[in-house]
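# Results of the structural survey
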Amino acid sequence: MDESAGFVLDEEVTLRGSDPSSPDVHRAGCPSRAVLEHVTSRWGVLVLVSLRERSYRFSELRRRVGGVSEKMLAQTLQTLQRDGFVHRDAHPVIPPRVDYSLTPMGREVADQVWTLTRWVEGRLDDVFAARVAYDADRAA
């Protein structure tokens, strides 16, 4: 077991046949899975896409991301900040003011997620048609 890359490697051979210390999302235990989960979670996607537009204060962002609780938004922002995607700028004023924005790496991932969200929005009719067809086949 090699811990030199910052994570424990198992004996599994990677699907790509590359160095087992290289990140491979297909390998169980690969740390890239956790990052992928953070970026593609429901709230992660919506926060990243929103921050792609501009910086937001916490309360503004909560209104922008409809349906997110204060607790989930705080957790999502902390996770994305820890991963290096979100910058938290606390201003020393009264009342306290905190702005959230994307880091350069956050901008990169937000652009990728934004493309996916636009694709999903553009193909909703096809998805709904596929669901109807699937449900009809299952009912038959």
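Please refer to the structure higher up on the page.
Notes on the structure in this doc start here. (Residues numbered from 1 in each chain as written. Predicted model: local features only at pLDDT ≥ 70, side-chain atom pairs only at ≥ 80, totals over all residues. Heavy atoms only, no water.)

## A look at the pattern of salt bridges
According to the stated counting rule, one finds 7 salt bridges in the structure shown. Where Arg-54 meets Glu-60, a salt bridge forms, and the shortest distance between an N and an O atom there is 3.7 Å. With a relative accessible area of 24%, Glu-60 lands in the partly exposed category. (Salt bridge = Lys/Arg side-chain N within 4 Å of Asp/Glu carboxyl O. Buried < 20%, exposed > 50% of the residue type's maximum accessible area, 1.4 Å probe, protein only.)

## Re the environment of Asp-126
Locating Asp-126 in the fold gives a position in helix H6 (residues 124-139). Residue Asp-126 is classed as partly exposed on the basis of its relative accessible area, which comes to 40%. Within polar-contact distance, the side chain of Asp-126 engages the side chain of Arg-123 at 2.5 Å. (Helix = DSSP H or I, 4+ residues; strand = E, 2+ residues; numbered from the N terminus. Polar contact = N/O pair within 3.5 Å; in protein donor to acceptor, adjacent residues only side chain to side chain.)

## Here we look at the sheet that holds strand E3 (residues 97-102)
Within the open sheet, the 3 strands sit side by side as E1-E3-E2. Their pairing is antiparallel. Both outer strands of the open sheet, strand E1 (56-57) and strand E2 (86-91), are each paired with one neighbouring strand and no more. Of the strand pairs in this sheet, E1 and E3 are connected by 2 bridges, and their pairing is antiparallel. Its bridge partner lying in E3, Arg-57 is registered against Asp-99. Contacts between helix H2 (residues 42-53) and the sheet are confined to E1, E2 and E3, with E3 contributing the most and set at about 95 degrees to the helix. (Pairing = 2+ DSSP bridges. Contact = heavy atoms within 4.5 Å. Axes fitted to C-alpha atoms, helices over the stretch in contact; angles between N-to-C directions.)

## Things to note about unusual backbone geometry
For the bond from Ile-94 to Pro-95, the omega torsion is -5 degrees, close enough to zero to count as cis. Relative to the elements of secondary structure, Pro-95 occurs in the loop between E2 and E3.

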